[in-house]
Amino acid sequence: MQTIDSKEFDKVELRVGTILSVEPFGKARKPAYKIWVDLGEEIGVKKSSAQITVHYQAEDLIGRQVICVCNFAPRQIADFMSEVLITGFSDEQGHIVLTSVERAVPNGARLH
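Note that this is a predicted model, so its numbers are computed, not measured.

Caption draft 1: Representation of the overall build of the protein chain within the structure. Helix and strand counts for the protein chain come out as 3 helices and 9 strands. Counting helices and strands in the order they occur from the N terminus, the protein chain gives α-β-β-α-β-α-β-β-β-β-β-β. For a compact globule of 112 residues, the expected C-alpha radius of gyration is about 13 Å, and the protein chain comes in at 14 Å, within 12% of that figure. Structurally, the protein chain occupies a C-alpha span of about 40 × 35 × 30 Å along its principal axes. Evaluated residue by residue, the protein chain yields a buried proportion of 36% over its 112 residues. Carbon and sulfur atoms form 51% of the exposed surface of the protein chain, whose accessible area is close to 7500 Å².

Caption draft 2: Highlighting the side chain of R15. Structurally, the position occupied by R15 is in strand β1 (residues 14–24). A polar side-chain atom of R15 sits 2.7 Å from a polar atom in the side chain of E13. When neighbours within four sequence positions are excluded, R15 is seen to be in contact with L39, E42, I43, V66, I67, C68, C70, G108, A109 and R110.

Caption draft 3: Inspection of the packing of aromatic side chains at higher detail. One pass over the full model with this rule turns up 2 aromatic pairs. Taken together, a centroid distance of 5.8 Å and an interplanar angle of 80° make the contact between W36 and F80 edge-to-face. Here W36, found in strand β2 (residues 33–38), pairs with F80, found in strand β6 (residues 80–82); they are 44 residues apart in sequence, far enough to count as distant. Within the aromatic cluster, the residues linked to one another by ring pairs are F25, W36 and F80.

Caption draft 4: Looking closely at the pattern of salt bridges. Across all of its chains, the model carries 4 salt bridges by this definition. Put simply, R15 and E42 hold a salt bridge, and the shortest N to O gap is 3.9 Å. In this pair, R15 is assigned in strand β1 and E42 in helix α2 (residues 40–43), connecting sequence segments 27 residues apart. Overall, R15 belongs to the buried group, its relative accessible area being 10%.

Caption draft 5: Spotlight on the nonpolar core. I35, V37, I52, L61 and C68 are the most contacted members of the largest nonpolar core, which totals 17 residues. Top element by residues in this core is β2. It accounts for 3 residues. In this view, V37 contacts G17, T18, I19, G44, V45, K46, V66, C68 and I86; residues no more than four positions away in its chain are not counted.

The rules behind these values
The residue numbers shown here count from 1 along each chain, following its written sequence. The model is predicted, so local features are restricted to residues of pLDDT at least 70 and side-chain atom pairs to those at 80 or more, both for listing and for counting; the totals for chains, interfaces and linings are taken over all residues. Hydrogens and water molecules were not included; the side-chain quantities draw on all heavy atoms of the structure. Strands are runs of DSSP state E lasting at least two residues, helices are runs of H or I lasting at least four, and both sets are numbered from the N terminus onward. Note on method: radius of gyration uses C-alpha positions; expected globular size equals 2.2 Å times residues raised to 0.38. The rule is simple: take the accessible area with a 1.4 Å probe, protein chains only, and divide by the maximum for that residue type; under 20% is buried, over 50% is exposed, in between is partly exposed. Note on areas: Shrake-Rupley, 1.4 Å probe, and residue coverage restricted to the protein chains presented here. Between N or O atoms, a polar contact is any pair within 3.5 Å; within protein, one atom must be a potential hydrogen donor and the other a potential acceptor, and residues adjacent in sequence are included only when both atoms are from side chains. Working rule for contacts: check all heavy atoms of both residues, and any pair within 4.5 Å makes them a contact. Each Phe, Tyr or Trp ring, with Trp reduced to its six-membered ring, pairs with another whose centre is within 6.5 Å; inter-plane angles below 30 degrees give stacked pairs, above 60 give edge-to-face pairs, and intermediate values give tilted ones. The salt bridge definition used is simple: a Lys or Arg side-chain nitrogen within 4 Å of an Asp or Glu carboxyl oxygen. Take the buried residues of types Ala, Val, Leu, Ile, Met, Phe, Trp, Tyr and Cys, join any two whose side-chain atoms come within 4.5 Å, and each joined set is a nonpolar core.

What follows is the structure, encoded as structure tokens:
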């Protein structure tokens, strides 16, 4: 495992946001959702494509707080521009389990 120092860690903008809207993403190569996340006043609402359809139904994601990498370069996925990366861990089958917070915190709060 490669080590990093605190200055390198500080470069990664890991912030919490609340999922506002979710749509099936039919044009994605693998089953995915188009997701809109409220990341607070400073960042605003950003879009993400996420391959999380195995463990999550679209309607169950609304209002859920998730941890996002906010300073990745935007990525074009089919006809959709993904602006943030919603984080998660792979389960034993490789399906994503979302990273979230234990208690509600303000949208845009940064991970320390």
